[in-house]
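# Structure at a glance
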Amino acid sequence: MEGGRGNLGSEVPPNEEGGSGGKHGFPPVRLAWPDVGAEEAAAVAEVLASGRLTMGPKVAELERLLAAACGVEHAVAVSSGTAALHLAVLALGLEPGDEVIVPAYTFPATANVVALAGLKPVLVDVDPVTMNIDPAKVEPVRRTKAIMAVHLFGRPARLEELPTVTLIEDAAGALGARRQGRPCGGIGLVGCLSFHPRKIVTTGEGGAVTTNDASLAEAVAQLRHHGWKPPELADLPVPGLNYRLSDILCAVGIPQLLRLEELLAARERIAAGYAERLAGLPVVLPGADEGDRHGWQAYVIQVERRGEVLESLRVKGIEAQIGTYALHRLSAYADQGPFPGADRAFERALALPFHTRLTESDLDRVVEALTAM
Ligand SMILES: Cc1ncc(COP(=O)(O)O)c(C=O)c1O
């Protein structure tokens, strides 16, 4: 349906919480539903009562838990996954015009931060099955200063097959995922996480930069807070931003991080429930390489006539979504290509409702609707 017409087929950007309902007579099956409740509410109330709403103890606590989850020395909490990517790129201190390799099929923020840092995002095609960057297509040149590898939808990318260039992991959807036993977000020089409501751990909006490199972590923390470098009081030595994450939002994330394993196990059960029901249908199911653990940010199948299937699900009140964007189909990156792998992923990827409140009958309803196509 969308062939050659750009990234159509969705009323809201695909990192939003839901799609459209429809006149179906049933309650909608929601695309996403954050696993937050009384514990998070109590934690927020505690912060409000403390009067320390930002730069307080909850930021440090969240950062400690994130560093442990990613197996790194440092985590710096920031206001979004996009902010994390932006600061990671800025902190590398690259020269204008330097090139950064970015997969052609990803959420646009991955490439946008590179362009906004005055660098050149060079798109590389993805494997149409894994939907992650295809290491065989990566050909670094002299100006290539970094590779931005995305663990798309939580599926660990084959990082060890990439050439040895500075590696930034876009682990926006991969908190909890493991590549050959190693936590995603802790493998490259720097990792970037998102806590948007479709992610396994959410703070509403939020993100973090993870790294073992102390000076990089310091540079990110400095850029996050107007360029301030403690303990200096009178000077802000470099221009910086305000990309801080408030204590209120950190308090929302902490209880979820403490039950990360439980949250991932619940998402694995939902994924298995889909896989069982979808067996035998003409769809490609999501999965991870042998030895990896999928992070299950989203459950993204691949189908023919994706646009029609998406529309028919929505009419039945099932809030499905497109997967993500083929960047060369966006005006901002239309000068690069062709990328047949990204085209194929874009044209076929379909995100099904995916969250821990889905019931067996919700799964039945989604799969019955798919079967009727
Ligand atoms: C792969 C990827 N990178 C970056 C981002 C940006 O994260 P945020 O929405 O928290 O800014 C997203 C968000 O969906 C994403 O999926």
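Just so it is clear, the structure is predicted and the values come from calculations on it, not from any experiment. (Residues numbered from 1 in each chain as written. Predicted model: local features only at pLDDT ≥ 70, side-chain atom pairs only at ≥ 80, totals over all residues.)

## Digging into helix H3 (residues 81-91)
Burial within H3 is extensive, with 11 of its 11 residues counted as buried. By the burial criterion, the buried members of H3 are Gly-81, Thr-82, Ala-83, Ala-84, Leu-85, His-86, Leu-87, Ala-88, Val-89, Leu-90 and Ala-91. (Buried ≥ 20, exposed ≤ 12 C-beta atoms within 10 Å, placed from the backbone. Helix = DSSP H or I, 4+ residues; strand = E, 2+ residues; numbered from the N terminus.)

## A short note on the sheet that holds strand E2 (residues 99-103)
In spatial order, the strands read E1-E10-E9-E6-E5-E2-E4; together these 7 strands make up an open sheet with mixed pairing. At either margin of the open sheet sits one strand with a lone partner, and together these are strand E1 (74-78) and strand E4 (120-124). Put simply, the sheet's adjacent strands are angled 20° from each other on average, direction ignored. One ladder, built from 5 bridges, connects E1 with strand E10 (residues 207-211); its direction is antiparallel. In the strand pairing of E10, Ala-75 is matched with Thr-210. (Pairing = 2+ DSSP bridges. Axes fitted to C-alpha atoms, helices over the stretch in contact; angles between N-to-C directions.)

## What about the packing of helix H2 (residues 57-70) against helix H6 (residues 247-258)?
To characterise two packed helices, one gives the angle between the axes of the helices and the distance between these axes. The geometry of H2 relative to H6 is characterised by a closest axis approach of 8 Å and an angle of 35° between their N-to-C directions. You can see that H2 and H6 cross each other, and the crossing is left-handed. Note on element contacts: H6 touches H2 through Asp-247, Cys-250, Ala-251, Gly-253, Ile-254 and Leu-257, opposite Lys-58, Val-59, Glu-61, Leu-62, Leu-65, Leu-66 and Ala-69. Of the residues contributing to the contact of H2 with H6, the split by class is 9 nonpolar, 1 polar and 3 charged. (Left-handed = near helix turned anticlockwise from the far one by under 90°. Contact = placed C-beta atoms within 7 Å. Nonpolar A, V, L, I, M, F, W, Y, C, P; charged D, E, K, R; others polar.)

## Some details on the confidence of the model for the protein chain
Taken residue by residue, the protein chain gives an average pLDDT of 94. The fraction at 70 or more is 93%. Note on residues 1-11: pLDDT under 50 across the span, and 24 contacts to partners over four residues away in sequence or across chains. (pLDDT = per-residue confidence, 0-100.)

## Considering the environment of Asn-242
Relative to the helices and strands, Asn-242 is located in the loop between helix H5 (214-224) and H6. In the structure, Asn-242 is positioned 68 residues away from Ala-174 in sequence and 25 Å away in space, judged by C-alpha atoms.

## Observations regarding the environment of Asn-212
Considering the arrangement of structural elements, one finds Asn-212 in the loop between E10 and H5. A sequence separation of 139 residues divides Asn-212 from Glu-73, and the C-alpha atoms of the two residues are 4.9 Å apart. In contact with Asn-212, other than residues within four places in its own chain, are Val-72 and Glu-73.

## Here we look at the sheet that holds strand E12 (residues 321-322)
Spatially, E11-E14-E12 is the arrangement adopted by the 3 strands of the open sheet, whose pairing is antiparallel. Edge positions in the sheet fall to strand E11 (299-302) and E12, since each has one partner strand and no second. Across 4 bridges, E11 lies against strand E14 (residues 349-352) in antiparallel orientation. If you follow Val-300 over to E14, its bridge partner there is Ala-351.

## As for the domain arrangement of the protein chain
It is common to give the size of an interface as the accessible area that goes away when the parts come together. Each domain of the protein chain was delimited in the assignment, giving domain 1 (38-258) and domain 2 (260-371). A straight line from the C-alpha centre of domain 1 to that of domain 2 covers 24 Å. Listed per partner, the contact involves 35 residues of domain 1 and 32 residues of domain 2. Elements represented by at least two residues in the side of domain 1 that touches domain 2 include exactly strand E3 (105-106), strand E7 (178-179) and H6. Here the residues of the side of domain 1 that touches domain 2 are counted per class, giving 20 nonpolar, 7 polar and 8 charged. (Domains from an automatic or database assignment.)

## Considerations on the pairing of E14
Along E14, one buried face is formed by Ala-349 and Ala-351 and the opposite face, lined by Leu-350 and Leu-352, is buried too. As paired elements, E12 and E14 share 2 bridges and run antiparallel to each other. Note that in E14 the partner of Ile-322 across the bridge is Leu-350.

## Let's talk about the nonpolar core
Among the nonpolar cores identified, the biggest contains 114 residues, and Val-78, Ala-84, Leu-87, Ala-88, Met-148, Val-209 and Val-220 are the most heavily contacted of them. Ranked by residue count, the leading element in this core is H3, at 8 residues. Residue-level mapping places this core at the junction of two domains, with at least three residues from each of domain 1 (38-258) and domain 2 (260-371). Those residues in contact with Ala-88, other than ones at most four positions away along the chain, are Ile-168, Val-190, Cys-192, Val-209 and Val-220. (Core = buried A, V, L, I, M, F, W, Y, C linked by C-beta atoms within 7 Å.)

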